[in-house]
Amino acid sequence: MLRVEDLSVAYGSVKALEGFSLEVAERGVLHGVIGANGAGKSTLMDAITGRRKPTRGRVFVDGRDITRLSVVQRRRLGMSRSFQRTSIFPGIRVGEQLELVASQLGETDLNGIVDTLELGPVYHELADSIAYGDQRRVDIALALVGQPALMLLDEPAAGLSTSETVALFEHLAKVVRERNVTALVVEHDVEAVFRFCDTITALDLGRLLASGSPAAVRSDPRVIAAYLGSAG
Ligand SMILES: Nc1ncnc2c1ncn2[C@@H]1O[C@H](COP(=O)(O)OP(=O)(O)OP(=O)(O)O)[C@@H](O)[C@H]1O
Ligand SMILES: [Mg+2]
């Protein structure tokens, strides 16, 4: 359903992505993206969502070449995203914010989204007054509005403890299963990625290191050498 082909992105002389390819075959897959700081993970998310134009290469969704489409056109085709920082508005209730976005995008199953992410208990709370872990689930709920086929989540667990990260990934696994959405998720906690993701891509300095099942990526000599080190 998603294919990235020979993608390159440069910021001036910095080659953030270089001849990068990636494929996620089906819907309903949790796909982890791992790599050291500066490896090009956020750049990859930006290139897939249309925020950053590649200097070379193509992006396909369901076989359709979307490389030249705008962010808004891609959103209409069923692509949504969340950012490294939370998108929550302070001073407005969780439910109000969700209802606002739902009415904009014609979402008819907001209750289903709220149930999947177990946001019922905080629905009437002010968004900036709830626990940070709950705020991160609101971010995911916002990305789920409008029935996207593909969600791009850039470090949804940023700022969470190890146990909170595990809880968030449990929710993500449930989201992809229950809502038949594919999620590409950037995450630094490799243990959580190996435990919860169906497939994984590892990158290093803008290049593909390995892609495949958690077991295959974990045992890949290039991943161990470049990224996991002796701890892998
Ligand atoms: N707007 C920009 N202008 C110039 N260079 C940039 C810009 N954004 C990113 N870079 C550079 O491109 C490379 C890839 O950055 P990117 O943000 O994609 O990495 P990342 O894998 O998301 O890192 P992190 O784990 O720290 O979020 C880095 O060398 C970074 O310094
Ligand atoms: Mg990043």
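Residues numbered from 1 in each chain as written. Chains lettered and ligands numbered in written order. Predicted model: local features only at pLDDT ≥ 70, side-chain atom pairs only at ≥ 80, totals over all residues. Heavy atoms only, no water.

**Notes on the site of ligand 1**
So, point 1. Taken together, 15 residues are adjacent to ligand 1, and G38, G40, K41, S42 and T43 come closest.
So, point 2. Contacts to ligand 1 include N37, whose side-chain N or O atom sits 3.0 Å from an oxygen atom.
So, point 3. Within the backbone of A39, an N or O atom sits 3.2 Å from an oxygen atom of ligand 1.
So, point 4. Surface burial for ligand 1 is 62%, taken as the share of its 630 Å² of free accessible area covered by protein chains. (Near = heavy atom within 4 Å. Polar contact = N/O pair within 3.5 Å; in protein donor to acceptor, adjacent residues only side chain to side chain. Areas by Shrake-Rupley, 256 points an atom, 1.4 Å probe, with all protein chains shown as cover.)

**Re the pattern of salt bridges**
For side chains bearing opposite charge, pairing can occur when the charged atoms are close.
So, point 1. By the definition in use, this model includes 13 salt bridges.
So, point 2. Here E18 makes a salt bridge to R207, at a shortest N to O gap of 4.0 Å. Note that E18 is positioned in strand β2 (residues 14-24) and R207 in strand β10 (residues 207-212), a separation of 189 residues in sequence.
So, point 3. Measuring nitrogen to oxygen at the nearest pair gives 3.8 Å for the salt bridge that ties K174 to E118. Separated by 56 residues along the polypeptide, K174 in helix α6 (residues 162-179) and E118 in the loop between α4 (110-116) and α5 (132-144) bring together distant segments of the chain.
So, point 4. Look at E118 and you get partly exposed, because its relative accessible area is 45%.
So, point 5. Among the charged side chains, a salt-bridge network with shared partners connects K15, E18 and R207. (Salt bridge = Lys/Arg side-chain N within 4 Å of Asp/Glu carboxyl O. Helix = DSSP H or I, 4+ residues; strand = E, 2+ residues; numbered from the N terminus. Buried < 20%, exposed > 50% of the residue type's maximum accessible area, 1.4 Å probe, protein only.)

**Quick word on the packing of aromatic side chains**
So, point 1. Following the criterion strictly, the structure yields 1 aromatic pair and no others.
So, point 2. The ring of F60 carries R3 above its face, with NZ or CZ at 4.4 Å from the centroid. (Phe/Tyr/Trp six-rings, centres within 6.5 Å; stacked < 30°, edge-to-face > 60°. Lys NZ or Arg CZ within 6 Å of the ring centre and 35° of its normal.)

**What to know about the sheet that holds strand β1 (residues 2-11)**
So, point 1. Spatially, the 4 strands line up as an open sheet ordered β2-β1-β4-β5, and their pairing is antiparallel. One side of each edge strand has no neighbouring strand; the edge strands of this open sheet are β2 and β5 (64-65).
So, point 2. In this structure, β1 lies alongside strand β4 (residues 56-61), joined through 5 bridges in antiparallel fashion. The residue bridging V4 from the neighbouring strand is V59, located in β4.
So, point 3. Across the sheet, helix α1 (residues 41-49) touches β1, β2 and β4, and the angle it forms with β1 is around 115°. (Pairing = 2+ DSSP bridges. Contact = heavy atoms within 4.5 Å. Axes fitted to C-alpha atoms, helices over the stretch in contact; angles between N-to-C directions.)

**Some points on the nonpolar core**
So, point 1. With 49 residues, the main nonpolar core has L30, L98, L117, M151 and F169 as its most contacted residues.
So, point 2. In terms of residue count, the dominant contributor to this core is α6 (7 residues).
So, point 3. Counting residues in each nonpolar core, the second largest holds 27 residues, with L7, V24, M45 and V186 among its members. (Core = buried A, V, L, I, M, F, W, Y, C linked by side-chain atoms within 4.5 Å.)

**Points about unusual backbone geometry**
So, point 1. Positive phi is not limited to glycine here, since D6 has a value of about 55°.
So, point 2. With respect to the helices and strands, D6 occurs in strand β1.
So, point 3. D6 gets classed as partly exposed once you look at its relative accessible area, which sits at 35%.
So, point 4. Backbone geometry at E118 places phi at a positive 50°, although glycine is not the residue there.

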